[in-house]
Amino acid sequence: RWSQRNKKGPKTWPILGAAIEQLMNYERMHDWLVTYLSQSKTVVVPMPFATYTYIAEPANVEHVLKTNFNNYPKGEVYHSYMEVLLGDGIFNSDGETWRKQRKTASLEFASKNLRDFSTKVFRDYSLKLSSILSTSSFLNQQVDMQELLMRMTLDSICKVGFGVEIESLAPNLPDNLFAQAFDAANIIVTLRFIDPFWKIKKFLNIGSEAQLDRSIKIIDDFTYSVIRTRKAEIEQAKNSGLHNKIKHDILSRFIELAGEGSDDATEKSLRDVVLNFVIAGRDTTATTLSWAIYMTLTHDHVAEKLYLELKTFEEDQAKLRNASLLHCDTEDPESFIRRIHQFSELLTKDSLEKLPYLHAVITETLRLYPAVPQDPKGILKDDVLPDGTKVKGGGMVTYVPYSMGRMEYNWGPDASTFRPERWFKDGVLVHESPFKFTAFQAGPRICLGKDSAYLQMRMALATLCRFYRFRLVAGHTVKYRMMTILSMANGLKLTIHRRP
Ligand code: HEM
């Protein structure tokens, strides 16, 4: 203890390292790291089987994510923890396996077809959500907004990514076994990072690892059935000479590349593609939207400013199209929904970019509540970070977007305040270095779906914040859950109020 008295970072024990302190703080781990990283820009945490180095300074982050990229792959440890869920998909692979998938997916994301198709899908599903909210508001029912958003983004990614409709956002909100199993699996694999006994549990098939096994079976059943359906449709289109009817969703592109063969390895790699895109496209966007709505309802002036921007936008866009806005009677469900539909017709990829305050609200949310709150990388060879910290091959280095957004040395004295205005300089939107605003990662592995995510989040938030005011259900506690994605542990329970 005496020899560690000046140590910045958690105190450690022989063999156990800082495992006890980390386990005790597991449920609030992101804030535990905020405390240490605000005292020191780099924190070293020895654990029983590896040393974790946490970094929050942009220069160090740039070194790891770009300058010395090859030395910091996902690595063996991360791969072994996540393999059961993500297999060798883009999130969980390195080297050639990663490069090939990145190339295919980049081509797909750059295609205008996919952009136009996603705009339509995002609009349709935002409307579905709006209509569920309208019904709840007339019936004075509470809703779990996070759950609804998860359903919306799951339906969207399945449609855009794999060309299938799963309709989890149907008005009766049917149970979705796949979504439940996916969440359970995500929580359990995250726990592996700090549970030294997971391999024993897995070997004995007990506790969390037994539950993981059951969840993976459900996930696999769903995923293989999506792949079979898509393959059958492609086959049918080819046989009837309707090549132009083959859709260009992400999965179809991977199926085409895989060629005719349908051996187990090909099927497994397609399964990995699907699950990696579900984790990429569903949870991240739904989580960010949930925190954004929570931010607007806890910051009335932000909700008002956003509402005004959307009202003005609606009038301007209608004028541009020589359309007159329909009368909106908030006490008449039909009139209300008609106006929402009219508004949504005004939302296109280009017009949505004319909403700077909306953009700032989303970006500010991601600064404080990044969907990926910490992102570990393996270390191949010993290295020295720009601040002089020595890291050892075989360990892990983690950049921590959740902490980075809250550090005064990165964002000034009001770092922990939600203030969308910080994204404007002289009335114009400003962009920050991706090594400082790291919500989408940076460097060669920067998020591929950033533009698509902004499109969907703008579409959904514009529709929701234009027509509804949200109130938190009394007594409901909002806090994050420990998993790879920063979702809310108890959901987001709200009452919904219509706006003219
Ligand atoms: C708010 C929404 C989103 C956020 C904050 C976000 C953030 C991130 C982050 C931090 C990574 C790096 C993860 C890692 O190192 O493993 C990443 C990677 C990725 N994201 Fe996103 N993402 C979002 C939405 C999306 C969407 C909607 C898609 C696609 C439909 C997508 C596709 C991807 C892909 C394919 C990668 C892997 C890139 C690679 O390893 O080369 N993301 N994203």
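Just so it is clear, the model here is predicted, and its values are computed rather than measured.

## Some words on the overall build of the protein chain
The secondary structure content of the protein chain amounts to 19 helices and 11 strands. Relative to the 2.2 N^0.38 estimate, which gives 23 Å for 500 residues, the radius of gyration of the protein chain is 23 Å and therefore close to what a compact globule would have. C-alpha atoms of the protein chain, sized along the principal axes, occupy 75 × 60 × 40 Å. Across the protein chain, every contact between residues at least 6 apart in sequence was considered, and the portion connecting residues at least 24 apart equals 73%. When the accessible area of the protein chain is evaluated, it comes to approximately 22,200 Å², of which 55% is carbon and sulfur surface.

## Focus on the pattern of salt bridges
Counting across every chain of the model gives 33 salt bridges. For the salt bridge of D272 with K268, the shortest nitrogen-to-oxygen distance reads 2.9 Å. With a gap of four residues between them, D272 and K268 both fall in helix α12 (residues 264–298), about one helical turn apart. The shortest N-O distance in the salt bridge between R271 and D272 comes to 2.9 Å. Accessibility classification places R271 together with D272 in one group, the buried group. Linked by salt bridges that have partners in common, E364, R367, D414, R419 and R422 make up one network.

## With respect to the sheet that holds strand β1 (residues 42–46)
Taken together, the four strands give an open sheet; going across it, the order is β1-β2-β7-β4, and neighbouring strands pair in mixed fashion. Bordering the open sheet on either side are β1 and β4 (375–378), each of which pairs with just one other strand. Each neighbouring strand pair of the sheet contributes to a mean axis angle of 25°, computed without reference to strand direction. Relative to strand β7 (residues 396–399), strand β2 (residues 51–55) is paired through four bridges, and the arrangement is parallel. Paired with I55 across the bridge in β7 is Y399.

## Quick look at the coordination of the iron atom of the ligand
When only protein atoms are considered, the iron atom of the ligand has one donor, C447 (SG), at a distance of 2.3 Å. Take C447: it is sitting in the loop between β9 (428–429) and α19 (450–467).

## Overview of the nonpolar core
The biggest cluster of nonpolar side chains holds 143 residues, and the ones touching the most others in it are L133, M145, F162, I293 and F470. The element that contributes the greatest number of residues to this core is α12, accounting for 15 residues. If sequence neighbours within four positions are ignored, M145 has contacts with L133, I293, L464, F470, L492, L494 and I496.

## Observations concerning helix α6 (residues 112–139)
Here α6 spans 41 Å end to end across 28 residues, near enough to the 40 Å set by a 1.5 Å rise per residue. Two residues or fewer after α6 comes N140, characterised by a positive phi angle close to 55°.

## What to know about the site of the ligand
Residues in close proximity to the ligand total 27 residues, the closest being K74, W98, D375, Q441 and C447. At 3.1 Å from an oxygen atom of the ligand is found a side-chain nitrogen or oxygen belonging to K377. Among the elements that make up the shell around the ligand, the one with the highest residue count is α12 (six residues). Taken together, the residues of the shell around the ligand sort by class into 16 nonpolar, six polar and five charged.

## Looking at the pairing of β7
Neither face of β7 is exposed, since M396 and T398 on one face and V397 and Y399 on the opposite face are all buried. By the bridge criterion, four bridges tie β4 to β7 in an arrangement that is antiparallel. Bridging across to β7, K377 finds its partner in V397.

## Comments concerning the UniProt feature "binding site: heme" (unreviewed entry) in the protein chain
The UniProt feature table records "binding site: heme" (unreviewed entry) at C447. The exposure class assigned to C447 is partly exposed, which follows from its relative accessible area of 32%.

## Things to note about the packing of helix α8 (residues 177–191) against helix α10 (residues 207–239)
Two numbers describe how α8 lies on α10: the axes approach to 8 Å, and their chain directions differ by 140°. By the angle between their axes, α8 is oblique relative to α10. The way α8 lies across α10 gives a crossing that is left-handed. The residues of α10 that touch α8, namely those facing L177, F178, A181, F182, A184, A185, I188, V189 and L191, are S208, E209, Q211, L212, S215, I216, I218, I219, F222 and T223. Its residues assigned to classes, the contact of α8 with α10 shows 14 nonpolar, four polar and one charged.

## Some points on the environment of Y409
Within the secondary structure layout, Y409 lies in helix α18 (residues 408–411). Classification of Y409 by relative accessible area gives partly exposed; the value is 30%. It is 8.2 Å that separates the C-alpha atoms of Y409 and S38, two residues lying 371 residues apart in sequence. In contact with Y409, not counting residues within four places along its chain, are L37, S38, S40, K41 and A56. Within the local environment of Y409, its side chain forms a polar contact with the backbone oxygen of L37, the two atoms lying 2.7 Å apart.

## With respect to a nonpolar patch on the surface
A surface patch of nonpolar side chains, about 590 Å² in accessible area, is lined by W13, I15, L16, I20 and M24. Secondary-structure assignment places I15 in the segment before α1 (19–24).

## A closer look at the state of the cysteines
The full count for this structure, using the stated rule, is zero disulfides. Considering cysteine sulfurs only, C447 is the nearest to C158, which forms no disulfide, with 18 Å between them. Given a relative accessible area of 0%, C158 falls into the buried group.

## Side note on the packing of aromatic side chains
Following the criterion strictly, the structure yields 18 aromatic pairs and no others. For the ring pair F440 and Y454, a centre distance of 5.8 Å and an interplane angle of 35° mean the geometry is tilted. One end of the pair, F440, is in the loop between β9 and α19; the other, Y454, is in helix α19, and 14 residues separate them in sequence. Relative accessible area serves as the criterion here: at 10%, F440 is assigned to the buried category. Using a relative accessible area of 5% as the deciding quantity, one classes Y454 as buried. Ring-pair connections join several aromatic residues into one group, and the members of that group are F313, F336, F343, F467, Y468 and F470.

Rules and cut-offs
Residues numbered from 1 in each chain as written. Predicted model: local features only at pLDDT ≥ 70, side-chain atom pairs only at ≥ 80, totals over all residues. Heavy atoms only, no water. Helix = DSSP H or I, 4+ residues; strand = E, 2+ residues; numbered from the N terminus. Rg over C-alpha atoms; globule rule 2.2 N^0.38 Å. Contact = heavy atoms within 4.5 Å. Areas by Shrake-Rupley, 256 points an atom, 1.4 Å probe, with all protein chains shown as cover. Salt bridge = Lys/Arg side-chain N within 4 Å of Asp/Glu carboxyl O. Buried < 20%, exposed > 50% of the residue type's maximum accessible area, 1.4 Å probe, protein only. Pairing = 2+ DSSP bridges. Axes fitted to C-alpha atoms, helices over the stretch in contact; angles between N-to-C directions. Donors = N, O, S within 2.8 Å, 3.2 Å for Na, K, Ca; no water. Core = buried A, V, L, I, M, F, W, Y, C linked by side-chain atoms within 4.5 Å. Expected span 1.5 Å × (residues − 1). Near = heavy atom within 4 Å. Polar contact = N/O pair within 3.5 Å; in protein donor to acceptor, adjacent residues only side chain to side chain. Nonpolar A, V, L, I, M, F, W, Y, C, P; charged D, E, K, R; others polar. UniProt positions renumbered as here; feature names shortened; annotations may be inferred. Parallel < 35°, antiparallel > 145°, perpendicular 65-115°, else oblique. Left-handed = near helix turned anticlockwise from the far one by under 90°. Patch = residues over 30% accessible without salt bridge, like charges linked within 9 Å, V, L, I, M, F, W, Y side chains within 5 Å. Disulfide = S-S within 2.5 Å. Phe/Tyr/Trp six-rings, centres within 6.5 Å; stacked < 30°, edge-to-face > 60°.

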